[in-house]
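Examining the three-dimensional arrangement
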Amino acid sequence: MDFRTIVRPVEGRQGLIKHGVPLILIGSCFSDNIGRCLCDELFDVDVNPFGPIYNPLSIKRGLEVLSTNEAVGQRDIIFRDGLFRSFLFHSRYSDPDEENAIKLMNSRIENGHAMLREASVVIITLGTTRAFVSRESGQVVANCHKVPASEFELYNLSLADTVKALNDIVEIIKKCSPEAHVMFTVSPLRYTELGAHGNQLSKAVLLLGVDEVVKAYEDDSVSYFPAYEIMMDDLRDYRFYADDMKHPSPMAVNYIYDLFRESFFNAETIKIARESSALTRRLSHRIMSASPESVEKEMNSREMATRRLLENYPKLTYAYRRYINTLLSNNGI
């Protein structure tokens, strides 16, 4: 007897996601979680070019920018709390120097544009139907950067609004990359500021909207992955939440990613992913030794392991370089 509701892997989609083929993830912080898993397994993936984005209108705006390679300029920048920021970008892309901030943001747009044009799969993670629009510019924002609420107009998207935005999202992606598969997910993150009932209403509108859009594409080029249902119905326990009781814990993310892997990887991809993950785990560990000989031995061993993996799977080369650059950046090197 099963004492829990088990959500099974999606059927008929094994082989959809492969190494050496660009992928892009855009949406809530749950995209960051799944994207990190994909990066660790050396998939060629661009994760949240603007940082986390939560509502359909903001995601649509971000994709419009990526599809046209629309550059950020001084007109798009605000200065707040000592940093130059953009309402389109998360604060992770802010900087005390205006030129550096613009350069960093445009670099992410250019890379995201290139990835979107070549993407085999675009994964959109929706978080909420609540959207903020700047009263000054009339543009929807992705991040308010703690600017006073009086400077924004709040919209709670209806089902019709949501369906239109999601259809627009698919059209933007298809126009930029006609062969791309579009996959929607709904983030299991709880938006407690909406209240328990308000959070459920928002998620319900997103789920209904996605369902309507997916059904409209009879060629199966648009699909849904049940991350929300896995968290709510399968795990369904506060031990699977982080300390804030809103975000999924690392254990929950790993469990959901396991089902994601079973749903969309074939046997060869799973094998390459495991070998890649073994290498990246090793590379991410600091060498704890005072002996220069031991350090040199480990470095040589890592180099040999890397060379062996890339010789066996040359298609991992670009993803490996991206991983190393990110690793060095995170370590402040």
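Located above this text is the structure these notes cover.
Reference entry: report on the structure contained in this document. (Residues numbered from 1 in each chain as written. Predicted model: local features only at pLDDT ≥ 70, side-chain atom pairs only at ≥ 80, totals over all residues. Heavy atoms only, no water.)

Thoughts on the environment of K315
Keep this limit in mind: The numbering of helices and of strands both runs from the N terminus, where a helix is a DSSP run of H or I of at least 4 residues and a strand a run of E of at least 2. Each residue gets one of three labels from its accessible area relative to the maximum for its type: buried under 20%, exposed over 50%, partly exposed in between, using a 1.4 Å probe on protein chains only. The contact criterion used is simple: two residues touch if any of their non-hydrogen atoms lie within 4.5 Å.
Secondary-structure assignment places K315 in the loop between α9 (292–312) and α10 (317–330). Overall, the relative accessible area of 40% leaves K315 in the partly exposed class. Spatially, the C-alpha atom of K315 lies 44 Å from that of G138, the residues being 177 residues apart in sequence. Contacts of K315, omitting those with residues within four sequence positions, involve H19, G20, E268 and I272.

Remarks on the packing of aromatic side chains
To be explicit about the condition: Ring geometry is summarised as follows: Phe, Tyr and Trp rings, the Trp one being its six-membered ring, pair when their centres sit within 6.5 Å, and such pairs are stacked at plane angles under 30 degrees, edge-to-face over 60 and tilted between the two.
Enumeration over the complete set of coordinates arrives at 14 aromatic pairs. The interplanar angle of 90° and the centroid separation of 5.4 Å between the aromatic rings of F225 and F260 together place this pair among those described as edge-to-face. Taken together, the residues span a long stretch of sequence, with F225 in the loop between β10 (222–224) and α6 (227–235) and F260 in helix α7 (residues 250–264) at a distance of 35 residues. Relative to F260, the ring of Y257 lies with its centre 5.8 Å away and its plane at 20°, an arrangement referred to as stacked.

As for the nonpolar core
Just so we agree on the cut-off: Only buried residues count toward a nonpolar core, which is a set of Ala, Val, Leu, Ile, Met, Phe, Trp, Tyr and Cys residues joined through side-chain atoms within 4.5 Å.
Membership of the largest hydrophobic core comes to 74 residues, with the highest contact counts inside it found for I17, I124, F184, F225 and F260. Once residues within four sequence positions are removed from consideration, I17 is found in contact with L23, F43, V121, I123, M183, F260, F264, F265 and T269. In terms of nonpolar packing, the next biggest core, distinct from the first, is built from 13 residues, L42, A319, Y320 and L327 among them.

As for the sheet that holds strand β1 (residues 23–27)
Let me state the cut-off plainly: At least two DSSP bridges between two strands are required for those strands to pair. A fitted line through C-alpha atoms represents every axis, and for helices the fit uses only the stretch in contact; the resulting angles, taken between N-to-C directions, go from 0 to 180 degrees.
The 5 strands are arranged β2-β1-β5-β9-β10 in an open sheet whose pairing can be described as parallel. Since the sheet does not close on itself, it has two edges, and those belong to β2 (45–47) and β10, each with one partner. Across this sheet, the average inter-strand angle for adjacent strands is 20°, counted without regard to direction. Against the sheet, helix α4 (residues 159–176) touches β5 (121–126), β9 (181–186) and β10, its axis set at about 145° to β9.

Comments concerning the sheet that holds strand β6 (residues 130–134)
Strand order in the open sheet made by the 3 strands is β7-β6-β8, with antiparallel pairing throughout. Unpaired on one side and paired on the other, β7 (140–141) and β8 (152–156) mark the two borders of the sheet. Here β6 pairs with β7 via 2 bridges, running antiparallel. Its bridge partner lying in β7, V133 is registered against V140.

Observations concerning the packing of α6 against α7
Keep this limit in mind: When describing relative orientation, an angle under 35 degrees is termed roughly parallel and one over 145 degrees roughly antiparallel, while 65 to 115 degrees is termed roughly perpendicular and anything else oblique. Crossing handedness is defined as follows: a turn of the near helix away from the far one that is anticlockwise and smaller than a right angle gives a left-handed crossing, while the clockwise case is right-handed. By the convention adopted, Pro, Cys, Tyr, Trp, Phe, Met, Ile, Leu, Val and Ala count as nonpolar, Lys, Arg, Asp and Glu as charged, and the other residues, Gly among them, as polar.
Running from N to C, α6 and α7 point in directions that differ by 120°, and their axes come no closer than 10 Å. By the criterion of interaxial angle, the relationship of α6 to α7 is oblique. In terms of crossing hand, the pair formed by α6 and α7 is right-handed. Contact residues: α6 offers A227, I230, M231, D234 and L235, while α7 offers A252, Y255, I256 and L259. Considering only residue class, the contact of α6 with α7 consists of 8 nonpolar, no polar and 1 charged.

Remarks on unusual backbone geometry
We note that L42 has phi near 60°; this positive angle belongs to a residue other than glycine. With respect to the helices, strands and loops of the structure, L42 is situated in the loop between α1 (29–40) and β2. Here L42 falls in the buried class, since its relative accessible area comes to 0%. Phi is positive for K146, which is not a glycine, with a value near 60°. Structurally, the position occupied by K146 is in the loop between β7 and β8. Here K146 falls in the exposed class, since its relative accessible area comes to 73%.

With respect to the side chain of N55
The test is simple: The definition of a polar contact used here is a pair of N or O atoms within 3.5 Å, where within protein one atom must be able to donate a hydrogen and the other to accept one, and adjacent residues in sequence count solely through side-chain atom pairs.
You can see N55 is positioned in the loop between β2 and α2 (56–68). We classify N55 as buried; its relative accessible area is 5%. Only 2.8 Å separates the side chain of N55 from the side chain of S58, close enough to count as a polar contact. Beyond its immediate sequence surroundings of up to four residues, N55 is in contact with T128, R130, A131, V140 and V141.

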